[in-house]
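# Fold and geometry: a report
Chain residues, written in single-letter form:
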Amino acid sequence: MSTQTTEPPRGAAAGTAGPAPAARARARRTERAKDWARRAPLLPALVFLVIVTQLPFVATVVISFTRWNALAPDNRGFAAFDNYRAVFTDPAMRSSVGTTVLLTVTVVLVSLLLGLGLALLLDRSFRGRGIVRTLLITPFLVVPVASALLWKHALYNASYGLLNGVLTWIWRLFGSDSPPQPDWMTDSPLAAVEVSLIWQWTPFMMLILLAGLQSRAGDAIEAARMDGASAFDVFRYLTLPHLRRYLELAALLGTVYVVQNFDAVFTITSGGLGTANLPYTIYQTFYQAHDYGRASAQGVVVVLCSLVVATFALRTVSSLLREEVTR
């Protein structure tokens, strides 16, 4: 007995298979049109961002390779890498790098420690916690120049500042008419700048660490306490490992912002007495020495160093987001 297989006509097969690629192409075009429709409202913001941020930076890079000093208008031209060589061999620039590192490390570490302590306190439930939290956040909301002026005149001033007024009041309690009246900005200029920045940036660290504390798993902490773990053990073995990513993020973001700080140095000490950091040195090169080429090279170097730190900060943020998604 022979079996016969019937094959469909070639025309029918071609007729049924033909519309499928065309349908897929139309679906892809429709999907691309929908994607563009979703992205189109963001295009003006993207163009504005490129014009405002990237074009000035490109112009700065171009100027950094030119010899351009307003005090010598006839001596202008292409300088190649001379400005960058001058940046890395300038003693004032090296001194400002050391001041910037010392200022940044001190402010970030002290702000982290104070922010961690405040975050641990605010993680507890007590009456008026919302009001206390708002008051503690207030220093971060003050305009940086206003904050520096507040510390310079209302607190540090040797004649009418609050610090010397408190010393006078304490000495008079003990019957003394000759209280010490130190000139805080002259005796400890760098510490004066650091204290004002610590006051301003501690709330920022506190907010990040408080968010990390409130994302902890409560059942693990309760289980540890039921097993007899002390508060220090809970902090050391559960809270601190959990806060590692948040501590890294706060330190990296604080570093990016404090490195670029100009307001406090300019307002409190005007860059004198060894307090000139990188932004103030660029300001001196540009506005006082009028050397636009070298100031642009200094700015490019600072931006590149900041981008390195910002890259680590973005990676830390990405890892935190991935951890939150996988929970």
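Notes on the structure follow. (Residues numbered from 1 in each chain as written. Predicted model: local features only at pLDDT ≥ 70, side-chain atom pairs only at ≥ 80, totals over all residues. Heavy atoms only, no water.)

## Notes on the overall build of the protein
A tally of helices and strands in the protein yields 16 helices and two strands. In terms of C-alpha radius of gyration, the protein reaches 30 Å, well past the compact-globule figure of 20 Å for 327 residues. Here the C-alpha coordinates of the protein stretch approximately 125 × 80 × 35 Å along the principal axes. Counting only residues that meet the buried cut, the protein has 32% of its 327 residues in that class. Relative to all contacts within the protein whose residues are 6 or more apart in sequence, the contacts with residues 24 or more apart total 69%. In the protein, 28 positive and 20 negative side-chain charges are present, and the distance between their average locations comes to 11 Å. (Helix = DSSP H or I, 4+ residues; strand = E, 2+ residues; numbered from the N terminus. Rg over C-alpha atoms; globule rule 2.2 N^0.38 Å. Buried < 20%, exposed > 50% of the residue type's maximum accessible area, 1.4 Å probe, protein only. Contact = heavy atoms within 4.5 Å. Lys, Arg positive; Asp, Glu negative; His and termini not counted. Charge placed at Lys NZ, Arg CZ, Asp CG, Glu CD.)

## Some remarks on the packing of aromatic side chains
Inspection of the entire model under this criterion finds 20 aromatic pairs. Ring centres 5.4 Å apart and planes at 20° place the aromatic pair tryptophan 201 and tyrosine 257 in the stacked group. On the criterion of sequence distance, the pair formed by tryptophan 201 in helix H10 (residues 189-213) and tyrosine 257 in helix H13 (residues 244-259) is long-range, its members being 56 residues apart. Tyrosine 257 gets classed as partly exposed once you look at its relative accessible area, which sits at 44%. Ring centres of phenylalanine 266 and tyrosine 283 lie 5.6 Å apart, and the angle between their planes is 80°; on these two criteria the pair is classed as edge-to-face. Remark: tyrosine 283 occurs in helix H15 (residues 278-288) and phenylalanine 266 occurs in helix H14 (residues 263-269); sequence separation between them is 17 residues. For tyrosine 283, a relative accessible area of 22% gives the class partly exposed. Ring pairs connect the aromatic residues Trp68, Phe262, Phe266, Tyr280, Tyr283, Phe286, Tyr287 and Tyr292, which therefore count as one cluster. (Phe/Tyr/Trp six-rings, centres within 6.5 Å; stacked < 30°, edge-to-face > 60°.)

## Description of the environment of phenylalanine 140
With respect to the helices and strands, phenylalanine 140 occurs in helix H6 (residues 129-141). Along the chain, phenylalanine 140 and glutamine 200 lie 60 residues apart, while their C-alpha atoms are 5.1 Å from each other. Not counting residues up to four positions away in its chain, the partners in contact with phenylalanine 140 are Gln200, Trp201, Pro203 and Phe204.

## Some remarks on the side chain of serine 296
Its location among the elements puts serine 296 in helix H16 (residues 292-326). For serine 296, a relative accessible area of 8% corresponds to the buried category.

## Concerning a positive patch on the surface
Taken together, the side chains of Arg24, Arg26, Arg28, Arg29 and Arg32 make up a positively charged region of the molecular surface. As for its position among the elements, arginine 26 is in helix H2 (residues 19-39). On the accessibility criterion, arginine 26 (47% relative accessible area) is partly exposed. (Patch = residues over 30% accessible without salt bridge, like charges linked within 9 Å, V, L, I, M, F, W, Y side chains within 5 Å. Areas by Shrake-Rupley, 256 points an atom, 1.4 Å probe, with all protein chains shown as cover. Salt bridge = Lys/Arg side-chain N within 4 Å of Asp/Glu carboxyl O.)

## Here we look at the pattern of salt bridges
Within this structure, the stated rule accounts for three salt bridges. Put simply, aspartate 82 and arginine 85 hold a salt bridge, and the shortest N to O gap is 2.2 Å. Here arginine 85 and aspartate 82 lie together in helix H4 (residues 82-89), a separation of three residues that amounts to about one turn. Among the ionic pairs, aspartate 291 bridges to arginine 294, the shortest N-O distance being 3.8 Å. Overall, the relative accessible area of 15% leaves aspartate 291 in the buried class.

## Considering helix H8 (residues 162-173)
An ideal rise of 1.5 Å per residue puts 16 Å on 12 residues; H8 measures up with 17 Å between its terminal C-alpha atoms. When we look at burial in H8, the residues that qualify are Asn164, Leu167 and Thr168. For H8, the arc enclosing every buried residue in end-on projection is 100°, short of the 170-degree limit, so these residues lie on one face. H8 presents Trp169 and Leu173 as exposed residues on the side facing more than 90 degrees away from its buried surface. Taken together, the buried residues of H8 touch helix H9 (184-187). In the segment just after H8, glycine 175 is the residue with positive phi, at about 80°. (Expected span 1.5 Å × (residues − 1). Arc of directions from axis to C-beta.)

## Quick word on the packing of H10 against H13
Orientation of H10 relative to H13, taken along the N-to-C sense of each, is 155°, at an axis distance of 9 Å. Here H10 is positioned roughly antiparallel relative to H13, judged by the angle of their axes. Here H10 and H13 pass one another in a crossing that is right-handed. Touching Trp201, Phe204, Met205, Ile208, Leu209 and Gly212 of H10 are Tyr246, Leu247, Leu249, Ala250, Leu253, Gly254, Tyr257 and Val258, all from H13. (Axes fitted to C-alpha atoms, helices over the stretch in contact; angles between N-to-C directions. Parallel < 35°, antiparallel > 145°, perpendicular 65-115°, else oblique. Left-handed = near helix turned anticlockwise from the far one by under 90°.)

## Points about a nonpolar patch on the surface
Taken together, the side chains of Trp36, Leu43, Leu46, Val47, Phe48, Leu49, Val50, Ile51, Val52 and Leu55 make up a nonpolar region of the molecular surface, amounting to roughly 970 Å² of accessible area. If one sorts the elements of the nonpolar patch by residue count, helix H3 (residues 43-64) sits on top with nine residues. Relative to the assigned elements, leucine 43 resides in helix H3. The exposure class of leucine 43 is partly exposed, given its relative accessible area of 36%.

Any functional reading would require information that these geometric values do not contain.
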